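# Summary of structural features
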Amino acid sequence: MFKILLLSLLSASVSFAQIAVKADLLYPMTGDLKPVKNAVVLCGPDGKIQAVGPAAEIEIPGGYQILTAKVATPGIIDAHATVGLSGILNSPKHDQEQLEKSAPIQPELRALDAYNGRDPLVKWLRDLGVTTVHTGHSPGTLISGQLMVVKTDVPSITSLKDTLIPTSAVAATLGSNALASGGKSPGTRSKAVALLRAELLKAQSYAAKISKSEAEQKDAPDPDLKLQILADILSKKTPLLINAHRHQDIAAALRLREEFGFDLILDGAAEAYLLLDEIKAAGVPVIVHPTMARPFGDLENMTFTLAAQLHEKGIPFAFQSGYEPYVPKTRVVHFEAALAAAYGLPQEIALAACTLYPAQILGLDDKIGSLQPGLHADLALFDGDPLETMTHTTHVIINGKLVSSSQK
Amino acid sequence: MRPRKLLALAIAPLLAFPLLFSAPNEKPGSPANPLKAYTNATLYPVSAPKIENATLLVRGDTILAAGPADQVNIPAGAEQIDCSGKTIIPGLVCTHSHIGQVAGGDGSSPIQPAVRALDSIDVRDTSIDKARAGGITTANLMSGSGLLLSGQTIYLKLRKGNTVEDLAIKLPDGSFAGGVKMANGTNAIRDNASFPGTRGKSAALVRQRFLDAQAYQKKRAQHLTENDPDKPFERDLALETLADILDRKRIVHHHTHRHDDILTVLRLKEEFGFEVVLHHVSEAWKVADEIAAANVPCSLIFLDSPGGKLEARDFKWRNGAELEKRGILTAIHTDDPINDSRWFLRNAAIGVRAGMSREKALEALTLSGAKMLGLGESTGSLDPGKKADFVILSGDPFSIYTRILETHIEGQKVFDLTNPTDRLYAEGGYGAGHAREASGCCFYR
């Protein structure tokens with residue numbers, strides 16, 4: 001009896017112990033992004049990183065649970081997904097919440113009102129090392145709704161605090177994916193842009209009315225969810241993420257940004273290689289389409305070398321899992337990074353583009369994306385090069401807690 | 001092909017082993033049949049263990065020898081191609097592909113055996129160029145899984161050619177090699193009066209048609225016995241194809257995901273005695289013992305995640321390992337466009353990640369697939385006498401960083417990464433969505 005009690009006490013103390021990670025090769029994703037050999041990361045009791053450095057310099061205090069790994073990286077960040085909204089069963093009215101097609105422009109739809117953190121695909125990604133997702137409404141209408149940033153260990157959104165950013169961006173689509181048929185608008189690219197401009201002009205005047213009412217201390221105009229969020233885009237509180245693949249659609253997105261002065265994130269951008277100078281000049285980041293996206297429709301001229309070309313040009317970029325309508329129902333963002341590494345992107349840059357770079361694009365690099373004291377203790381542990389297909393994810397840590405040891 | 005014959009084929013390469021290292025046929029090369037020696041390569045014959053510093057000797061469309069450099073005699077006059085630092089593997093065989101705009105039966109009825117993939121294929125479609133860039137030399141092109149039986153498949157060598165006949169594999173009787181595509185589970189269940197609404201109805205419809213085919217076989221045999229010139233036999237294209245299945249002239253390639261659907265296929269095979277390959281087999285891990293007991297080969301898909309539909313919810317990466325443990329003949333397919341043909345090697349690497357041996361994974365991409373198409377005697381491994389179908393890689397077949405450098409079919413180079421147009425189809429870029437320029441035409445790029 002005493003033995004059992006002791007064992008249970010021991011196991012309890014083990015499961016609540018703070019974690020120390022010992023890695024043969026650690027990618028802190030700081031400085032020149034190069035990995036450090038034989039390093040240690042201590043996770044503090046507050047879920048933040050306590051210390052990072054060479055094993056010789058860091059003493060692991062007693063009582064820490066020590067996890068060893070060949071390779072450790074910051075928790076993987078998926079720069080654009082629909083996971084949690086587009087569920088595993090692909091069953092409309094049951095687990096497909098990523099696209100509402102009743103109207104072409106619906107920026108008021110919040111991701112957090114639809115997100116299901118208990119969907120098996122969230123666990124699937126978490127077990128593989130993905131700790132944070134930028135997820136929400138998919139491409140497919142002119143403005144489909146909002147995106148949010150959430151950790152993959154959050155099962156339900158009980159308050160806005162369960163997210164890292166409750167409204168991180170609004171998702172727009174230019175190109176054939178957002179065109180309607182059967183006499184509905186928008187039926188052409190020109191009409192799509194005209195509709196978008198008209199709506200943004202409305203938001204401009206709505207924002208002006210609010211400013212005026214505040215200045216004159218008069219009654220504010222009636223609240224309008226749609227115009228409020230569009231006004232947030234115009235004031236650069238929320239970026240507009242525009243999914244555009246054809247070069248003419250990317251050019252249209254750049255023109256809209258020029259005209260209305262919002263923060264633009266280019267998404268997908270299959271033909272971005274044709275407009276590298278223009279994108280660079282605009283200072284716009286690109287969340288590239290999955291490297292294994294299917295080369296059809298607007299993506300027919302996509303190239304596996306896009307990430308390498310953006311990197312060489314010095315354009316900020318990150319990888320995404322994107323939206324998948326069938327099988328596989330989700331992609332895995334570091335698998336997409338891996339293939340870009342096979343097509344000219346340096347290996348550590350490919351890893352940065354699913355850790356540090358997405359954190360920077362989302363404005364979260366003071367919290368996640370690299371391993372530094374004070375940042376969230378989110379880590380992925382591997383038994384080899386994280387980009388090699390045959391490598392297993394051995395452990396996943398979120399906010400200092402072990403959330404997976406499935407050896408997947 | 002009967003299982004016994006399959007077994008004989010599996011043993012054949014072992015018997016051929018003593019010949020492997022010599023060049024038994026010392027005939028000199030000729031302009032029509034040039035001699036080429038690919039030297040200093042790391043070579044995976046698949047029928048035998050990996051060979052370092054190997055030579056692959058080819059004359060015309062045929063392999064003369066494959067072995068260690070010091071055991072392969074390179075005849076005078078042979079062109080020598082240095083493959084130092086490179087890896088040579090057999091041409092990849094995709095047992096399940098939808099490239100070339102292939103089509104089959106339409107939405108008018110659930111069982112359409114008379115419809116041929118042959119009549120739909122566009123050999124200039126970019127998907128075929130991309131498959132060559134992915135190292136695929138042989139492919140089973142088939143229609144989709146939206147019908148219980150959507151038509152006849154066709155086995156192609158992805159040769160450079162003008163017509164589908166140029167790519168087709170001919171059987172000794174002059175006909176084109178191919179199987180028949182069948183499916184069960186939810187894809188063929190439709191809200192349409194002529195289609196099944198349940199799994200029970202799906203199986204009943206199929207069984208009735210095979211019973212019809214058995215009657216047709218009898219009638220045809222009787223007609224041949226009577227041999228009455230005044231009574232011409234009325235051919236029925238659909239029943240003729242089903243009779244070919246019963247006569248084991250055509251292999252059934254059966255889409256199936258869920259454990260109970262897999263068992264339904266095994267029951268049909270038991271009842272009608274046809275030859276069948278299970279395709280996709282998402283829940284193979286649940287009924288691996290039953291598959292092994294039935295001695296039925298499997299062609300697996302490897303996806304980056306489960307789901308997308310209810311019946312793929314329980315898909316597992318360890319399907320390959322579970323089948324390997326039980327000695328089940330296992331291939332892997334792309335199901336292009338589900339998995340792009342250019343990532344075919346990567347699919348097998350997922351199998352290795354989840355416990356398949358590297359040897360069986362490479363075999364699953366080559367020889368095992370060839371056997372499932374009844375082509376194991378002529379392709380799928382690097383053995384003397386087989387067709388010179390091979391791929392030259394920059395390194396380890398399963399490393400993500402490895403690039404496919406060249407693809408050869410029957411001694412002809414059909415993909416070369418250094419060729420700018422080939423490279424466009426290998427990597428993508430502006431124009432990759434359009435077909436290769438027709439010679440003498442003005443198609444813009």
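All values derive from a computational prediction rather than experimental measurement.

So, how was this worked out
Within each chain, residue numbers correspond to sequence positions counted from 1 in written order. Starting at A for chains and at 1 for ligands, labels are handed out in the order in which the entities are written. Only residues with pLDDT of at least 70 are given local features in this predicted model, and only at 80 or more are side-chain atom pairs given and counted; all residues enter the totals for whole chains, interfaces and linings. Buried means a residue has 20 or more other C-beta atoms within 10 Å of its own C-beta, exposed means 12 or fewer, and partly exposed covers the counts in between; C-beta atoms are placed from the backbone. A run of H or I in DSSP becomes a helix once it reaches four residues, and a run of E becomes a strand once it reaches two; helices and strands are each numbered from the N terminus. Two residues form a contact once the distance between their C-beta atoms, set from the backbone, is within 7 Å. A pair of strands is labelled paired if DSSP reports no fewer than 2 bridges between them. All axes are obtained by fitting lines to C-alpha atoms, using only the stretch in contact for helices, and the reported angles, taken between N-to-C directions, cover 0 to 180 degrees. Known as pLDDT, the predictor's confidence for each residue is given on a scale from 0 to 100. Domain start and stop positions are those given by an automatic or database domain assignment. Three residue categories are used. Nonpolar comprises Ala, Val, Leu, Ile, Met, Phe, Trp, Tyr, Cys and Pro, charged comprises Asp, Glu, Lys and Arg, and polar comprises the others, including Gly.

What follows concerns helix α7 (residues 306-313) of chain A. All names here are of chain A. Of all the positions in α7, only L306, A307, A308, L310 and H311 are classed as buried. Among the structural elements, β11 (286-288), β12 (317-319), α8 (333-342) and α9 (347-352) are those in contact with the buried residues of α7. Positive phi appears at G314, one or two residues downstream of α7, with a value of about 80 degrees.

Residue and element names in this part refer to chain B. One open sheet holds the six strands; their spatial order is β8-β10-β11-β12-β13-β14, and the pairing between them is mixed. Bordering the open sheet on either side are β8 (149-152) and β14 (330-332), each of which pairs with just one other strand. Across the sheet, the mean angle from the axis of one strand to that of its neighbour is 25 degrees, orientation sign disregarded.

Our next topic: the confidence of the model for chain A. Looking at chain A, the pLDDT average stands at 95 and 96% of residues meet or exceed 70. Taken as a whole, residues 1-15 of chain A scores under 50 in pLDDT and shows one contact with residues more than four places along the chain or in a different chain.

Below, the discussion takes up the interface of chain A and chain B. Across the contact, 33 residues belong to chain A and 31 residues belong to chain B. Of all the elements in the fold, those that place two or more residues in the side of chain A that touches chain B are α2 (120-127) and α8 of chain A. Element by element, the count of residues in the side of chain A that touches chain B is highest for α8 of chain A, at five residues.

Now for the domain arrangement of chain B. Residues and elements named next belong to chain B. By the assigned domains, chain B splits into domain 1 (3-90 + 398-427) and domain 2 (92-378). Using C-alpha coordinates to define each centre, domain 1 is positioned 29 Å away from domain 2. Listed as interface residues are 20 residues of domain 1 and, on the opposing side, 28 residues of domain 2. For the side of domain 1 that touches domain 2, the secondary-structure elements that each account for two or more residues are α1 (3-15), β5 (87-90), β16 (404-409), β17 (412-416) and α13 (420-427). Considering only residue class, the side of domain 1 that touches domain 2 consists of 15 nonpolar, three polar and two charged.

Next up on the list: the sheet that holds strand β8 (residues 165-173) of chain A. Residues and elements named next belong to chain A. Across the sheet, which stays open at both edges, the eight strands sit in the order β5-β6-β7-β8-β9-β10-β11-β12 with mixed pairing between neighbours. For this open sheet the edge positions go to β5 (76-81) and β12, each flanked by a neighbour on one side alone. Looking at each pair of strands side by side, their axes are set apart by 25 degrees on average, direction ignored. Of the pairings in the sheet, the one linking strand β10 (residues 264-268) to β11 comprises three bridges and is parallel in character. Considered in β11, the bridge of D267 is made with I287.

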